[in-house]
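# Remarks on the overall topology
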There are 2 protein chains.
Amino acid sequence: MSFDGQLPPKVRLLRAAAELLANSAGAPVSTRQITQLAGVTAPTLYHHFGDKEGLFDAVVAAGFEEYVAGERDFAPSGQPLEDIRRMWDNHVQFGLNQPELYLVMFGNIRPESRPSIVADAEALMEEMLNKAAAAGQLNVQPREAARSILAANVGVTLMLIAEPAGERNLELSTMTRDAMIFAVSSDQGRDAGPEEDSGKSSVVVAAIALNAALQASHSDQLSSSELKLFLEWLHRISNSSTN
Amino acid sequence: MSFDGQLPPKVRLLRAAAELLANSAGAPVSTRQITQLAGVTAPTLYHHFGDKEGLFDAVVAAGFEEYVAGERDFAPSGQPLEDIRRMWDNHVQFGLNQPELYLVMFGNIRPESRPSIVADAEALMEEMLNKAAAAGQLNVQPREAARSILAANVGVTLMLIAEPAGERNLELSTMTRDAMIFAVSSDQGRDAGPEEDSGKSSVVVAAIALNAALQASHSDQLSSSELKLFLEWLHRISNSSTN
DNA sequence: TATCACCTATAGCAACGCTATATGAACTGC
DNA sequence: GCAGTTCATATAGCGTTGCTATAGGTGATA
């Protein structure tokens, strides 16, 4: 269970720290735990990494390398926006696979501590967005789009990490992802028509709107008998004058 | 500089911890610092809060109260989506004003530590989105929209906190904010992307609106058993295009 | 006055991050 | 082969941390 193998102490320290950090569930990891698992004594740690934070920075840097490798791993599909989706999904998956590392990387960033990781991650996404921009698929600057998408990506990942592993609903991710990509892409048609605002209650307005929409759509979510009764109730609500 | 006033020790401890945490710049805050500033000794802290984390939890809880108060402070404008924008901006401003507190609240959430803060914040936004849904301005379920918007809101705020205070570009916030709101609102064009079929049909939008309106109005046009079945069908229609 | 619950202080433990100092191993120049 | 130098690791211990066993002080009630 320990790294007493033939690897150099520096590597053993890195692996021991990474393993303990990954299984710590947020509890602090002591240098004594790390050095014991690595099979070395305290001064070795300080010789190679300066101090505890230096070691943890090295762990984070290694984790980020892995992150970057994952983001570059897939072949371009020829559809830049589709590649952005895969980058997003890779990002979320990385966070869910290594939550503790991810929390250190993106959940605890202060202006004085690690701005480079964010900048590098932004550059990674901007690079991909440049292709979309070149294809005329972007309606904002790639840099701004990258920052915006990455921010949403981080927020979603943190929210999913915060949820118990059992009830994580990845639809939050896909929904937010598509919302962000849709918002920055240029192939959207905006026709914001004025809403009719009568004096009737919102229930009645909504019921009328649903009624009209249902009649025209031939939805097959309800059986014909269900639909008949549903429409009757809808009619009752639509014609009510209360509220 | 110290809280040696007439306030009870419990309050003095809370204020001392909050102040030290706010100015710590991420460095750990020791119980000795806190008790010294509060003018008490160690056992007093442990008598009132159990342990250090208990005290910090209390500080976070107080901070969250302040957050909620800020989110409720403004009068409804009558335009729900505009109110969502103000909630978003309040959230960002809260994070930038108290970055250390914010990082503890939203940057470090683990499944075992503080899920309730996220749930409460989601409920706060969902409440506001229900009004938008009732007005027919939403094309997704309010709960899903709230989770998605809040996730992006948190991500943006963390990114801004990570930047040096001088070069914080709030355009990242407004851009992401409007992108998210635009994506969940119904007054948009069609065609969400290469793989998605065109946006939600008007049936779904109307059904979501009616659902939200019914929940808020206590209409008595249907009996309770009728209403139950009606809502079930409505739910089926509302979710018909979500895979 | 006596009692009792509550609150706070004295003093100190084990564990923490870290280091002054010393020892060993590996490579130089001769 | 042997001194000199450098790098890497170990011994032992410093000051500080979170926390607590124990006891003392306080005000309300009887």
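Predicted, not measured: the structure shown is a model, and the values here were computed from it.

Three- or four-residue spacings in an α-helix give side chains the same orientation, since the helix completes a turn every 3.6 residues. Of all the nine residues making up helix α6 (residues 99-107) of chain B, eight are buried; the element is thus mostly covered by neighbouring parts of the structure. Within α6(B), burial applies to B:E100, B:L101, B:Y102, B:L103, B:V104, B:M105, B:F106 and B:G107.

All names here are of chain B. Within the secondary structure, A121 is located in helix α7 (residues 115-134). We classify A121 as buried; its relative accessible area is 2%. Linking A121 and L96, residues 25 residues apart in sequence, is a C-alpha distance of 17 Å. What A121 contacts, discounting residues up to four positions off in sequence, is F64, Y67, F106 and L150.

Moving on, we come to the protein's contact with DNA strand D. Around DNA strand D, the surrounding shell holds 16 residues, and the nearest of these are A:P9, A:T41, A:H48, B:T31 and B:K52. Backbone atoms, meaning sugar and phosphate, make up 52% of the atoms of DNA strand D lying within 4 Å of the protein. Within the contact set of DNA strand D, a phosphate oxygen lies 2.6 Å away from a side-chain nitrogen or oxygen of A:T41. B:Y46 is positioned with one of its side-chain polar atoms (N or O) 3.2 Å from a phosphate oxygen of DNA strand D. Secondary structure elements with two or more residues in the surface near DNA strand D: α3 (42-49) of chain A together with α2 (31-38) and α3 (42-49) of chain B. The element that contributes the greatest number of residues to the surface near DNA strand D is α3(A), accounting for four residues. For the surface near DNA strand D, the residue count by class is seven nonpolar, six polar and three charged.

Moving on to the nonpolar core. Within the largest apolar cluster, 126 residues are counted, with the highest numbers of intra-cluster contacts made by A:I34 and B:I34. Leaving out residues up to four positions away in the same chain, A:I34 has contacts with A:L13, A:A16, A:A17, A:L20, A:V29, A:L55 and A:F56. Counting residues in hydrophobic clusters, the runner-up holds ten residues, among them A:L222, A:W233, B:L222 and B:L234.

Counting through the fold element by element, B:R147 comes out in helix α8 (residues 142-162). Polar side-chain contacts of B:R147 include one of 2.7 Å to the side chain of A:E163. When sequence neighbours within four positions are dropped, the list of residues in contact with B:R147 reads A:E163, A:N169, A:L172 and B:E122.

All right, on to the pattern of salt bridges then. Using the criterion set out here, one finds 18 salt bridges over all chains in the structure. Its salt-bridge partner being A:R147, residue B:E163 comes within 2.7 Å of it at the nearest N-O pair. Placement of B:E163 in the loop between α8 and α9 (171-184) and of A:R147 in helix α8 (residues 142-162) is noted, with the two residues assigned to different chains. Residue classification places A:R147 among the buried residues on the basis of a relative accessible area of 11%. Through salt bridges with shared partners, one network takes in A:E82, A:R85, A:D89, A:R177 and A:D178.

Calculation criteria
- Residues numbered from 1 in each chain as written.
- Chains lettered and ligands numbered in written order.
- Predicted model: local features only at pLDDT ≥ 70, side-chain atom pairs only at ≥ 80, totals over all residues.
- Heavy atoms only, no water.
- Buried < 20%, exposed > 50% of the residue type's maximum accessible area, 1.4 Å probe, protein only.
- Helix = DSSP H or I, 4+ residues; strand = E, 2+ residues; numbered from the N terminus.
- Contact = heavy atoms within 4.5 Å.
- Near = heavy atom within 4 Å.
- Polar contact = N/O pair within 3.5 Å; in protein donor to acceptor, adjacent residues only side chain to side chain.
- Nonpolar A, V, L, I, M, F, W, Y, C, P; charged D, E, K, R; others polar.
- Core = buried A, V, L, I, M, F, W, Y, C linked by side-chain atoms within 4.5 Å.
- Salt bridge = Lys/Arg side-chain N within 4 Å of Asp/Glu carboxyl O.

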